[in-house]
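The primary structure of each chain is shown beneath.
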Amino acid sequence: MSLDSVITIKDFSVDYLGEKPVHAVVDVNLTLGRGEIVGLAGESGCGKSTLAYAITRLLRPPGLITAGSATFHSREGYDIDLSAISGQELRDFRWDKIAMVFQGAMNSLNPVISIGAQLADVFSTHRPLMTRRQRKERCGELLERVGVDRNRLASFPHELSGGMRQRVMIAMAMALDPQVLIMDEPTTALDVVVQREILDEITRLRSEFGFAVIFITHDLPLLLEISDRIAVMKAGRIVEVNRAYDLYTSPQDPYTRRLLSSFPSLTGERGDFIRTGVMDERLEATGPSPSIGLRSTTPDPTAAGNESPLRDASQQEAK
Ligand SMILES: Nc1ncnc2c1ncn2[C@@H]1O[C@H](COP(=O)(O)OP(=O)(O)OP(=O)(O)O)[C@@H](O)[C@H]1O
Ligand SMILES: [Mg+2]
C-alpha cells in the first residue's frame, strides 16, 4: 500500500449474528494517512463504533468480521494484518501502535488506584525495562502534555473533574507514542468549553507528535473543524469520503447534504461555523483544495447559506 498510509481498510464487513443478523458494517473501504485526522460521521446506529471496535479487534460476540481486511502499516516499514493477530501479539500491539479513547472512558479508571499508578501500569506492562523513576517522570510529562498538573499523579479519580479524567485517558492513550489514536465520542459527555479545550489539545498534540486519528462523532460541525478528511457513514456503508473543506462546500451524496443541513450552526449566520479558526489555519497551511475554484464554488444551498464563512475566509486568504 501507499507509503504514507498507516491503516488500510478494505472491503470490510461486520455482522452481529443472531436470529436476524445485523449487517452493521458493509463493504467499507477507507485509508488513514500517516498523521491524518479522519472524521467518521453518521447517525446513531450506522456502525461507527462497530467499525472502530472491529479494526482494533475489541469486537465481542455476536459481532463478527465477515469480510475484508484491515492492515496496519507501521512506520518501521512492516505491515500487520489486524485480522490475523491474536493473544499476546494483539495485546502488545494495542496501546503500543494503536490506542483508543472511548466515550465515557473516564469512568473506566479504577476508583481505588491513584492516577499516577494507573498511568505507570501502562509502562510496567509494555516497557518493562523502565525504572520506577523513569516511569514517574514520564507519567508527569504525560499529564502535563494534556494540561493537567503533574502533582495530580497522587490524586484518585474521584478527586478530578470529568474533563480532567478524560484528559488522563487521552494521556494514557498517548503513553506509548502510538501511530494511531481511535477516538469514539471522546468528548461527548463533557460540557462544550471543556470539549473545546480538549479538541484544541488533540489537534495540537497531533501536530507535535504526528499520530493519525480516527475521530468518531455525530457532531458534524465539530468534525469539519478538526478533520483533514471526513467519511460519512450510513446504514453500515461509507457513502462519501472527502476533504473536510470539500465535503462542506460541495457534498456529493444526498445523505451528506441532509446531514449538513440538519445542523443549524452550519446554515446560520456568518461566523457561527468557525468557532476557533482551526479551519482557517488548516486552509492556510494546505491551501484551498485544487478541485475547487474558490470563486466559482457554489456551495450546496441546502448545506450552507450563500454567506459561507468558510468560503469567505479562504477568499480573503486568496487575495
Ligand atoms: N451487540 C450487538 N448485538 C446486536 N446488534 C448490535 C450490537 N451492537 C450494535 N448492534 C447494532 O449494530 C448497528 C451499529 O451499531 P454501532 O454501535 O456501531 O452504531 P454507532 O454508529 O456507533 O451509533 P452511536 O452513534 O449511537 O454510537 C446498530 O444497528 C446496532 O443496533
Ligand atoms: Mg457508537
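This text gives an overview of the structure that appears in the document. (Residues numbered from 1 in each chain as written. Chains lettered and ligands numbered in written order. Predicted model: local features only at pLDDT ≥ 70, side-chain atom pairs only at ≥ 80, totals over all residues.)

Things to note about the overall build of the protein
Link 1 in the chain: In terms of helices and strands, the protein carries twelve helices and ten strands.
Link 2 in the chain: Counting over 319 residues, the protein shows a buried share of 37%.
Link 3 in the chain: Sequence-distant contacts, at least 24 apart, represent 69% of the contacts inside the protein between residues at least 6 apart. (Helix = DSSP H or I, 4+ residues; strand = E, 2+ residues; numbered from the N terminus. Buried ≥ 20, exposed ≤ 12 C-beta atoms within 10 Å, placed from the backbone. Contact = placed C-beta atoms within 7 Å.)

Re the site of ligand 1
Link 1 in the chain: Taken together, 13 residues lie near ligand 1, and Tyr16, Ser44, Lys48, Ser49 and Thr50 sit nearest.
Link 2 in the chain: Breaking the shell around ligand 1 down by element, the ones donating at least two residues are β2 (22–33) and α1 (48–55).
Link 3 in the chain: Looking at the shell around ligand 1 element by element, the count peaks at three residues for α1.
Link 4 in the chain: Broken down by class, the residue content of the shell around ligand 1 amounts to five nonpolar, seven polar and one charged. (Near = placed C-beta within 6 Å. Nonpolar A, V, L, I, M, F, W, Y, C, P; charged D, E, K, R; others polar.)

Details of the sheet that holds strand β1 (residues 5–16)
Link 1 in the chain: One open sheet accounts for four strands, arranged β2-β1-β4-β5; its pairing is antiparallel. Two strands bound the open sheet, and with one partner strand each, they are β2 and β5 (79–81). Adjacent strand axes in the sheet meet at a mean angle of 5°, parallel and antiparallel pairs treated alike.
Link 2 in the chain: Looking at chain direction, β1 and β2 are connected through eight bridges and run antiparallel. Of the residues in β2, the one forming a bridge with Ile9 is Leu30.
Link 3 in the chain: Across the face of the sheet, α1 comes into contact with β1, β2 and β4 (63–73) while running at roughly 65° to β2. (Pairing = 2+ DSSP bridges. Axes fitted to C-alpha atoms, helices over the stretch in contact; angles between N-to-C directions.)

Considerations on the sheet that holds strand β6 (residues 98–102)
Link 1 in the chain: Taken in spatial order, the six strands make up an open sheet running β6-β7-β8-β3-β9-β10, and their pairing is mixed. Whereas interior strands pair on both sides, the edge strands pair on one side only; in this sheet they are β6 and β10 (237–243). With direction set aside, neighbouring strand axes in the sheet form an average angle of 15°.
Link 2 in the chain: By the bridge criterion, six bridges tie strand β9 (residues 229–234) to β10 in an arrangement that is antiparallel. In the strand pairing of β10, Arg229 is matched with Arg243.
Link 3 in the chain: Running at roughly 145° to strand β8 (residues 212–216), α1 makes contact with β3 (37–41), β7 (180–184), β8 and β9 of the sheet.

Considerations on the pairing of β8
Link 1 in the chain: Counting buried positions along β8 yields five of five residues, so the element is predominantly enclosed.
Link 2 in the chain: In β8, alternate side chains face the same way, and those of Ala212, Ile214 and Ile216 on one face and Val213 and Phe215 on the other are all buried.
Link 3 in the chain: Pairing between β3 and β8: four bridges, direction parallel. If you follow Val38 over to β8, its bridge partner there is Ile214.
Link 4 in the chain: Looking at chain direction, β7 and β8 are connected through five bridges and run parallel.

A look at helix α9 (residues 254–261)
Link 1 in the chain: Buried within α9 we find Thr256, Leu259 and Leu260. Down the axis of α9, the buried side of the element spans an arc of 100°, and every buried residue falls inside it. (Arc of directions from axis to C-beta.)

Looking at the environment of Ser49
Link 1 in the chain: As for its placement among the helices and strands, Ser49 is situated in helix α1.
Link 2 in the chain: A count of 20 C-beta atoms within 10 Å places Ser49 in the buried class.
Link 3 in the chain: In this structure, the C-alpha to C-alpha distance between Ser49 and Met183, residues 134 residues apart in sequence, is 9.6 Å.
Link 4 in the chain: Dropping the residues within four chain positions of it, Ser49 is found in contact with Asp184 and Ile216.

Some points on helix α6 (residues 192–209)
Link 1 in the chain: Relative to the 26 Å expected for 18 residues at 1.5 Å per residue, α6 spans 25 Å between its end C-alpha atoms, a close match to the ideal helical length.
Link 2 in the chain: Inspection of α6 places Ile198, Leu199, Ile202 and Thr203 among the buried residues, and these make up the whole buried set. Buried residues in α6, looked at end-on, bunch into an arc of 135°, giving them a common side. For α6, the exposed residues set more than 90 degrees away from the buried face come down to Val193, Ser207 and Glu208.
Link 3 in the chain: In the segment just after α6, Gly210 is the residue with positive phi, at about 75°. (Expected span 1.5 Å × (residues − 1).)

Some points on the packing of helix α3 (residues 115–126) against helix α4 (residues 132–145)
Link 1 in the chain: Running from N to C, α3 and α4 cross one another at 115°; their axes reach a closest spacing of 9 Å. Considering how the two elements wind past one another, α3 and α4 form a crossing that is right-handed. On α4, the residues touching Gly116, Leu119, Ala120, Phe123 and Ser124 of α3 are Arg135, Lys136, Arg138, Cys139 and Leu142.
Link 2 in the chain: Here the contact of α3 with α4 is composed, by residue class, of five nonpolar, two polar and three charged. (Left-handed = near helix turned anticlockwise from the far one by under 90°.)

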